[in-house]
Amino acid sequence: MPDQIMKTQNVGTNTQNKSKSHTVHNQTIQAKQTTHKATRGAVIQRKNTPSKTEKWTFSQFEKAYNTPVDQSELTAEEKKYFEEYEKRAQVYLDRAGSKWGGKTKITGSMFANAARWSYLHYGKDISKVVPVEFALAQAQFESHLGMTGRSASKNPFNIGEYNNSTASFVSKVKDGDMGVAMYYHLMAEDYLSARTSDELLENFVNERGSRYQVDDGGVSDKSYEADVKKQMGFIGRYADKNGAKFTTTTPDKGTTTTKKTTSNPVETVYKKYSSGKIDMIALGTALVPLAKSHASHILQVFDKMPWLHRDNLAYVMTNHGGSALASFDKKVLQRISDELGAVPWISRTYAATQIQKKKVDALLDGQKKQASLKKGIVTASSLNVRKGAGANFGKNGQAIKNGSQITILETKNGWHRIGDHRWVSAKYVSLVKTEEKDKKTKGKNSVPTSTNFKASEFDCNDGTAVPPEYYPNVQNLMKQLEILRSEMGAGITINSSYRTPSHNKAVGGKANSQHLYAKAADIVVKGYTPKQVHAKIEALTKAGKMTQGGLGLYKTFVHYDIRGTKARWDLS
């Protein structure tokens, strides 16, 4: 397949064999018109009318991509929809790899993760999510589904790829997950912002009037839309025939999810507050009648607010709640209590907030309240305290020594708040189970046991034992390895399983490695080559006998993890 071109072109320009200047994402390059037939590519043609909206930029995407979304907001039906979305994508990717004799590095989970992220990022607006058949068709035209091109595995939609050069931002795309998400974000911002996906299939034009078309020398050729529709039809029929038919309703069409996606009064009132149209008292008062029906959205409001303002919101809600306070969702009450309890005793509002806190604690039941506060043990040699939730914030006081116990008031983006403007990294804190929680989970976090494996075999190679909170992961991993051992009839040696953050960094592990959570094991099976072990695990997971997860082939061992979603790589 010839290189892809993304360029800006004026209507009526003679395009045959002439050198032109093309501007994309604020970059200008010289490109020569190719004589190849109908090369697939993102060729953008600008209308004569000046654009009134901003173009998509990588920095815009990068900022959005690094903003976390709360997947707990998904309903059971929505979760099932995206699981089927992933399965549908994977079935077709498997077919394509087999037919073309290539091995694509993009996966169904990448498409589903990007779709799920888009759905939540845009406030559960399914119209901003590219249909799976649509995305697969474009990926096939752009890079043969991640098998051809300069950076096909990381950038399967060739965004920013040109005939003779590559945009500088492409080097910032870390992996396939990010590359696929970049395409979904571009589509949501530039195309689905103005038209539905069905409308794009009739006229692939973005909100500025620029169209996405093939590079065949013609500026008004609409064969691209027809080709995409034809390919989508084939993909849909193939997926249906091979056990990947959608059984769930598209989120915005379902009766259960429509309520959630179309009506969020909490967000509406918070927007008024953040824009300065109403004050804190008006915000808190408006949230009181919603504290039962929209609990999760109210918790999000607390997360969005600066820490110094959260206790004010908690105070207003309790002060104006009256008898309605008893109807508040328990999670909202708990959050209010935590925020009121975080007010420093030297503050002039301390006495007033404690009166309100007692009201809330009386409803929660004091004993349950105390049990709900998390405790943690510092595992680092010394742990810096920051003024905010992130390493970019300045230090606040002395570092905390190894083994010290801390009380966790809230957790945000991998950081624990332990006091007034005092945050510590959650990576270096081991959670301590309270007595009451231990009663409810009795036996769940006991030392893992298995017929052929010892818990110590899963300890970090630097000598650190697996933290108790990861015992359930080890127990599950043991179970899967016992199945493999039984099927292969040979002993298994675990080269590496749990890793502390420092050891993981020392051995070059990824920042989000499953080893950090004791969910992974690098193994060797006696009498078998890594390829044979890899093939066996692949067969067992496909048959449903072992948990689906990450499977990596290396020269001397096989990596297997129980992440729950399919991931494959070959570094042999």
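These figures come from a predicted structure and were not determined experimentally.

The rules behind the values
- Residues numbered from 1 in each chain as written.
- Predicted model: local features only at pLDDT ≥ 70, side-chain atom pairs only at ≥ 80, totals over all residues.
- Heavy atoms only, no water.
- Core = buried A, V, L, I, M, F, W, Y, C linked by side-chain atoms within 4.5 Å.
- Buried < 20%, exposed > 50% of the residue type's maximum accessible area, 1.4 Å probe, protein only.
- Helix = DSSP H or I, 4+ residues; strand = E, 2+ residues; numbered from the N terminus.
- Contact = heavy atoms within 4.5 Å.
- Phe/Tyr/Trp six-rings, centres within 6.5 Å; stacked < 30°, edge-to-face > 60°.
- Lys NZ or Arg CZ within 6 Å of the ring centre and 35° of its normal.
- Pairing = 2+ DSSP bridges.
- Axes fitted to C-alpha atoms, helices over the stretch in contact; angles between N-to-C directions.

Side note on the nonpolar core
Ranked by size, the top nonpolar core spans 55 residues in total, and within it Tyr 85, Phe 111, Phe 134, Leu 136, Tyr 183 and Tyr 184 carry the most contacts. Elements supplying a minimum of two residues to this core: helix 1 (58-65), helix 2 (76-100), helix 3 (108-121), helix 4 (132-143), helix 5 (176-191) and helix 7 (223-241). Considering each element in turn, this core owes the most residues, 9 residues, to helix 5. Those residues in contact with Phe 134 that sit more than four places away from it in its chain are Tyr 183, Met 187, Ser 197, Leu 200, Leu 201, Phe 204 and Met 232. Core analysis: the next-biggest nonpolar cluster, separate from the first, contains 29 residues, Cys 460, Val 466, Tyr 471 and Ile 537 among them.

What about the packing of aromatic side chains?
By convention here, two paired aromatic rings are described through the distance between centres and the angle between planes. Per the stated rule, a full pass over the model turns up 22 aromatic pairs. When the ring of Tyr 470 is compared with that of Tyr 498, the centres are 6.1 Å apart and the planes differ by 50 degrees; the resulting orientation is tilted. Of this pair, Tyr 470 sits in the loop between helix 16 (435-440) and helix 17 (471-488) while Tyr 498 sits in the loop between strand 14 (492-496) and helix 18 (501-506); the two residues are 28 residues apart in sequence, bridging distant segments of the chain. For Tyr 498, a relative accessible area of 6% corresponds to the buried category. An aromatic cluster is defined as three or more aromatic residues linked by ring pairs; in this entry it consists of Trp 56, Phe 58, Phe 61, Tyr 65, Trp 117 and Phe 169. Directly above the ring of Tyr 238 sits Arg 95, whose terminal nitrogen or CZ lies 5.7 Å from the centroid.

Quick look at the sheet that holds strand 16 (residues 550-553)
Strand order in this open sheet of 5 strands is 14-15-17-16-18, and the pairing throughout is mixed. In this open sheet, the two edge strands, each paired with only one partner strand, are strand 14 and strand 18 (567-570). The sheet shows a mean angle of 25 degrees between the axes of neighbouring strands, taken without regard to direction. Relative to strand 17 (residues 558-561), strand 16 runs antiparallel, the two being bridged by 3 bridges. By the bridge assignment, Gly 552 is partnered in strand 17 with His 559. Docked against the sheet, helix 17 engages strand 14, strand 15 (520-525) and strand 17, running at close to 20 degrees with respect to strand 15. Against the sheet, helix 19 (residues 530-542) contacts strand 15, strand 16, strand 17 and strand 18, and its axis sits at roughly 160 degrees relative to strand 16.

Here's the deal with the pairing of strand 6 (residues 374-378)
Two strands pair when backbone bridges link them, and strand 6 and strand 9 (residues 405-408) are joined in this way by 4 bridges, in the antiparallel orientation. If you follow Ile 377 over to strand 9, its bridge partner there is Gln 405.

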